[in-house]
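Fold and contact review
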Amino acid sequence: MSRFFSQKYSALEPYTPGEQPRDMKYVKLNTNESPFPTSQKAVRAAAEAAERLRLYSDPECTLLTEKLCEVYGLARDEVVFTNGSDEILNFAFMAYCDAEHPAAFPNITYGFYPVFAAVNLLPYEELPLREDFTIDTEAYLGIHKTVFLANPNAPTGIALRPEEIARIAESNPDNVVVVDEAYVDFGAESCLPLTRKYENLLVAQTFSKSRSMAGARLGFGVGNPALIRDLNTIRYSTNPYNINSMTLAAGVGVLSDEEYTRKNCLAIRENRAFAAEELKKLGFTMTDSLANFLFARHPAVSGETIYRELKAKGVLVRHFTKPEICEYNRITVGTREQMQILLDKVKEVLEEHL
Ligand code: PMP
C-alpha cells in the first residue's frame, strides 16, 4: 500500500478471481465458463463493430435493449445493461445499501458480495446456510435489510423456488431483494416474471455463462422501471459507456442465436448428470446442483489434495479455503470429453490415495 492510499481502504481485501493460468494447457473447470464457442453471429457482429471503434459506444444500448426485450418479453424501461453482472451487483450495493439498509446474504455464496459491501463502506450481515447448504428462507423474512441471493447459489448450485424468493420480497417491502441469476439458464426457475409483481425485486443475469461470452463482459438487470432509473443514475455517474461497442454488437448477435444457446444449455445439463453419476460411483457426495458446476467432496481424500493433484495432472477445478467448504471442490461442467478426462484423472488421484 502506498502512503497515499486512502485509510478508508486500509483493511480492504479484494476479490480473488479464479486462476487464469497461461503457463500450461489445462482442462479448465475452475471459473464456470462455457466450454462451447461463442456464437458465430456474435463473433461476426463484434468484428464489424471493431471497424467503428473511433466512436463512443451507445450509452443507451438501444439495439441490444430492443433485442433483449424482444427475446424476454420485457419493456425497455425494465432493463439496464452492465459490464458483466458484477457491475450491476456493485451498482445495487451502491444504490440500495446504507447504514439504515445494511446488506444481508448467506455466509456461503458468491465471494464478491462482501467485497462490494466493503469497497462501498457498507454494513452487512452473513446468514448461515443450513447444515445441508440450503438457504433458510425463514431467516430472511422481515429482515429489513437489502437481500442478495445468488439463485442458484454459488458455489453450491442449490436453487430456491421463485415462490420462496417472492415471500422474502413480500416480507421486506421497504428493502430491495436482489436475485443474482448468473446460473439460472442451466435448470433453475427464473424470478424474471416476479419483477412485475414486486417493485422491490431486482434480477441480475449475465451473458458470461450460458451465452459463452465471459470475456465480453456483459450483464443486465431487470426490474421495476423506478429501480432501473436508480441504477442508471449510478451508471451515468460512474461510466455511461460501460459497455463497449463490440460487446453491444456481440450481445445482439448472440440473442439472434437462441437455438444455439438452448442447445448448449441442454448439453451442459446432460454432461452435469453424467459427471455427477460417475463421481458418485467413485464415492463422491455432492449438492443437488442446478448450475453449470458440481460441488463435490470425497470422504477419504481431502478437497485440497484433490484440487492440487488434479492441477498437477492438468485439470483445474476451484478449491475454497473457507473451513465450512474446504473439503469440497467446485467443478465446472464442460464438454463430455472434458468430463471424461476429469473422471479419468480423479480415478488416478483416488487410486494413489486409497
Ligand atoms: N454472480 C455469480 C454467482 C457468479 O458466480 C459470477 C461469476 N463469477 C457473477 C455473478 C459475475 O459474472 P459476470 O460478471 O461475468 O457476469
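**A short note on the overall build of the protein chain**
Helix and strand counts for the protein chain stand at ten helices and twelve strands. Relative to the globule expectation of 20 Å for 354 residues, the C-alpha radius of gyration of the protein chain, 20 Å, shows essentially globular dimensions. Its C-alpha atoms put the protein chain at 60 × 50 × 50 Å along the principal axes. In the protein chain, buried positions account for 54% of the 354 residues. Considering only intrachain contacts with a sequence separation of at least 6, the fraction spanning at least 24 residues in the protein chain is 73%. Looking at charge distribution, the protein chain has the averaged site of its 38 positive side-chain charges lying 5 Å from that of its 48 negative ones.

**Details of the environment of Gly18**
If you trace the backbone, Gly18 turns up in the segment before strand 1 (27–29). Classification of Gly18 by relative accessible area gives buried; the value is 11%. Residues Gly18 and Leu294 lie 276 residues apart in sequence; the distance between their C-alpha atoms is 16 Å. Here Gly18 is in contact with Asn30, Thr31 and Arg318, once residues within four sequence places are set aside.

**Some remarks on the packing of helix 3 (residues 84–96) against helix 6 (residues 225–238)**
Axis separation between helix 3 and helix 6 bottoms out at 10 Å; the angle between their running directions is 105°. On the basis of the axis angle, helix 3 is roughly perpendicular to helix 6. Counting all contacts with helix 3, which are made through Ile88, Phe91, Ala92, Met94, Ala95 and Tyr96, the residues of helix 6 involved are Leu227, Asp230, Leu231, Ile234, Arg235 and Thr238. A class-by-class count of the residues in the contact of helix 3 with helix 6 yields nine nonpolar, one polar and two charged.

**Here we look at helix 3**
The periodicity of an α-helix, 3.6 residues per turn, causes residues three or four positions apart to be oriented the same way. In a regular helix each residue adds 1.5 Å, so 13 residues correspond to 18 Å; helix 3 covers 19 Å between its end C-alpha atoms and thus fits that length. Most of helix 3 sits inside the fold, with eleven of its 13 residues counted as buried. Residues Gly84, Ser85, Asp86, Glu87, Ile88, Leu89, Asn90, Phe91, Ala92, Phe93 and Tyr96 constitute the buried set of helix 3.

**Structural notes on unusual backbone geometry**
Here the bond from Asn151 into Pro152 is cis, since omega is 0°, no more than 30 degrees from zero. Examined against the element boundaries, Pro152 turns out to sit in the loop between strand 5 (146–150) and helix 5 (162–171). Residue Pro155 is reached from Ala154 by a cis peptide bond, and omega for that bond is 0°. Summarising the element assignment, Pro155 is placed in the loop between strand 5 and helix 5. Even without glycine at this site, Phe133 takes up a positive phi of about 75°.

**Points about the side chain of His298**
With respect to the secondary-structure elements, His298 resides in the loop between strand 10 (293–297) and helix 9 (303–312). A distance of 2.9 Å separates a polar side-chain atom of His298 from the backbone oxygen of Leu282. Side-chain polar atoms of His298 contact the backbone nitrogen of Ala300, separated by 3.1 Å. Discounting chain neighbours no more than four positions away, the residues touching His298 are Leu282, Gly283, Phe284, Ile306, Leu350 and Leu354.

**Examining the domain arrangement of the protein chain**
Taken as a whole, the protein chain is organised into domain 1 (16–37 + 259–353) and domain 2 (40–256). Relative placement of domain 1 and domain 2: their C-alpha centres are 26 Å apart. Taken residue by residue, the interface counts 26 residues in domain 1 and 23 residues in domain 2. Contact with domain 2 buries surface across domain 1, with Thr261, Cys265 and Leu290 losing the most and accounting together for 25% of the total.

**Looking at the packing of aromatic side chains**
Within the structure shown, the criterion is met by 21 aromatic pairs. Residues Tyr56 and Tyr241 carry aromatic rings whose centres are separated by 4.4 Å and whose planes lie at 20° to one another, so their mutual orientation is stacked. With Tyr56 in the loop between helix 1 (40–50) and helix 2 (62–72) and Tyr241 in the loop between helix 6 and helix 7 (245–255), this residue pair connects regions lying 185 residues apart in the sequence. Judged by relative accessible area, Tyr56 falls into the exposed class, the value being 66%.

**Side note on the site of the ligand**
Near the ligand you find 13 residues, and of these Ser85, Asp180, Tyr183, Thr206 and Ser208 are the closest. Taken by itself the ligand offers 400 Å² of open surface, and the protein chains cover 91% of this. In terms of residue count, the dominant contributor to the shell around the ligand is helix 3 (four residues). Grouping the amino acids of the shell around the ligand by side-chain chemistry returns five nonpolar, four polar and four charged.

**With respect to the environment of Leu129**
The residue Leu129 is located in the loop between strand 4 (124–127) and strand 5 in this model. Under the relative-accessibility criterion, Leu129 is labelled buried at 13%.

**A look at the pairing of strand 4**
A regular strand places its side chains so that they alternate between the two faces of the sheet. As paired strands, strand 3 (residues 103–106) and strand 4 are joined by four bridges and run parallel to one another. By the bridge assignment for strand 4, Ala104 is matched with Glu125. Once the chain exits strand 3 it traverses helix 4 (residues 112–119) before rejoining the sheet at strand 4, and the crossover so formed is right-handed.

Here is what the cut-offs are and how they apply
- Residues numbered from 1 in each chain as written.
- Predicted model: local features only at pLDDT ≥ 70, side-chain atom pairs only at ≥ 80, totals over all residues.
- Heavy atoms only, no water.
- Helix = DSSP H or I, 4+ residues; strand = E, 2+ residues; numbered from the N terminus.
- Rg over C-alpha atoms; globule rule 2.2 N^0.38 Å.
- Buried < 20%, exposed > 50% of the residue type's maximum accessible area, 1.4 Å probe, protein only.
- Contact = heavy atoms within 4.5 Å.
- Lys, Arg positive; Asp, Glu negative; His and termini not counted.
- Charge placed at Lys NZ, Arg CZ, Asp CG, Glu CD.
- Axes fitted to C-alpha atoms, helices over the stretch in contact; angles between N-to-C directions.
- Parallel < 35°, antiparallel > 145°, perpendicular 65-115°, else oblique.
- Nonpolar A, V, L, I, M, F, W, Y, C, P; charged D, E, K, R; others polar.
- Expected span 1.5 Å × (residues − 1).
- Polar contact = N/O pair within 3.5 Å; in protein donor to acceptor, adjacent residues only side chain to side chain.
- Domains from an automatic or database assignment.
- Buried area = accessible area lost by both parts, 1.4 Å probe.
- Phe/Tyr/Trp six-rings, centres within 6.5 Å; stacked < 30°, edge-to-face > 60°.
- Near = heavy atom within 4 Å.
- Areas by Shrake-Rupley, 256 points an atom, 1.4 Å probe, with all protein chains shown as cover.
- Pairing = 2+ DSSP bridges.
- Right-handed = clockwise from strand over helix to strand, strands pointing away.

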